[in-house]
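Observations on the model geometry
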Amino acid sequence: QVQLVESGGGLVQAGDSLRLSCAASGLTFSSYVMGWFRQAPGKEREFVAAIGWNGRNTYYKDSVKDRATINRDNTKNTLYLQMTGLIPDDTAVYYCAAREARNALTSRPAEYDYWGQGTQVTVSS
């Protein structure tokens, strides 16, 4: 049974930094593209970043690429998202997702096979 468990969310102030983690189990982690998505109240789920199997290939949403860093530790089966300079528009539930492909990065939620339950990030102004 595949499980993706996000952690690291919380209430922060504008300008702060945050690192989210996603612990994966039940899958061969290094065989998967991993992604981060987020969903704000009343909005559709949107892509944030994705990373290939060995961490060398990354792909970011344009509006966050200067403030976000995605990386992974295949020895720990864990995905990370570091965000700096947080703004209120970053407020959302953040989800990690896994796609059974090694380097086919995509921003389309429908192309991911497994999802976590999400972690809330709230940025106050």
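For the structure given in this document, a descriptive report is provided here. (Residues numbered from 1 in each chain as written. Predicted model: local features only at pLDDT ≥ 70, side-chain atom pairs only at ≥ 80, totals over all residues. Heavy atoms only, no water.)

**Considering the pairing of strand E8 (residues 78–83)**
The buried fraction of E8 is high, at five of six residues. Bridge count for strand E3 (residues 18–25) against E8 is six bridges, and the pairing is antiparallel. By the bridge assignment, Leu 20 is partnered in E8 with Leu 81. Pairing of strand E7 (residues 68–73) with E8 involves six bridges; the strand directions are antiparallel. Bridge pairing in E8 places Asn 71 opposite Tyr 80. (Buried < 20%, exposed > 50% of the residue type's maximum accessible area, 1.4 Å probe, protein only. Helix = DSSP H or I, 4+ residues; strand = E, 2+ residues; numbered from the N terminus. Pairing = 2+ DSSP bridges.)

**Observations regarding the state of the cysteines**
One pass over the full model with this rule turns up one disulfide. In this model Cys 22 forms its disulfide with Cys 96; the gap between the sulfur atoms is 2.0 Å. Measuring handedness by torsion sign, the sulfur bridge of Cys 22 and Cys 96 sits at about 45° and is right-handed. In this pair, Cys 22 is assigned in strand E3 and Cys 96 in strand E9 (residues 92–99), connecting sequence segments 74 residues apart. Pair check on accessibility: Cys 22 and Cys 96 agree, each one buried. (Disulfide = S-S within 2.5 Å.)

**Focus: the pairing of E3**
As paired strands, strand E1 (residues 3–7) and E3 are joined by five bridges and run antiparallel to one another. Within E3, the position partnered with Ser 7 by the bridge is Ser 21.

**A few points about the pattern of salt bridges**
Taken as a whole and assessed by the stated rule, the structure comprises seven salt bridges. Lys 61 is the salt-bridge partner of Glu 46, the closest N and O atoms lying 3.4 Å from each other. With Glu 46 in strand E5 (residues 46–51) and Lys 61 in the loop between strand E6 (58–60) and E7, the pair connects residues that are 15 residues apart, well separated along the chain. Under the relative-accessibility criterion, Glu 46 is labelled partly exposed at 27%. What emerges from the salt-bridge pattern is a single network uniting Arg 38, Glu 46, Lys 61, Arg 67 and Asp 90. (Salt bridge = Lys/Arg side-chain N within 4 Å of Asp/Glu carboxyl O.)

**A short note on the sheet that holds E3**
Spatial ordering of the open sheet is given by E1-E3-E8-E7, a layout of four strands whose pairing is antiparallel. A single partner strand is all that each edge strand has here, and the edge strands are E1 and E7. Geometrically, the sheet is characterised by an average inter-axis angle of 15° between neighbouring strands, direction not taken into account. (Axes fitted to C-alpha atoms, helices over the stretch in contact; angles between N-to-C directions.)

**Notes on the packing of aromatic side chains**
If you walk through the whole model with that rule in mind, you get six aromatic pairs. Ring geometry for Phe 37 against Trp 115: centres 4.9 Å apart, planes inclined by 55°, an arrangement best described as tilted. With Phe 37 in strand E4 (residues 33–39) and Trp 115 in strand E10 (residues 114–115), this pair connects stretches of sequence that are 78 residues apart. Judged by its relative accessible area of 26%, Trp 115 falls in the partly exposed class. Members of the aromatic cluster, each reached through a chain of ring pairs, are Phe 37, Phe 47, Tyr 59, Tyr 112 and Trp 115. The ring of Trp 115 carries Arg 45 above its face, with NZ or CZ at 4.8 Å from the centroid. Above the plane of the ring of Phe 29 lies Arg 72, whose end atom (NZ or CZ) is 4.4 Å from the centre. (Phe/Tyr/Trp six-rings, centres within 6.5 Å; stacked < 30°, edge-to-face > 60°. Lys NZ or Arg CZ within 6 Å of the ring centre and 35° of its normal.)

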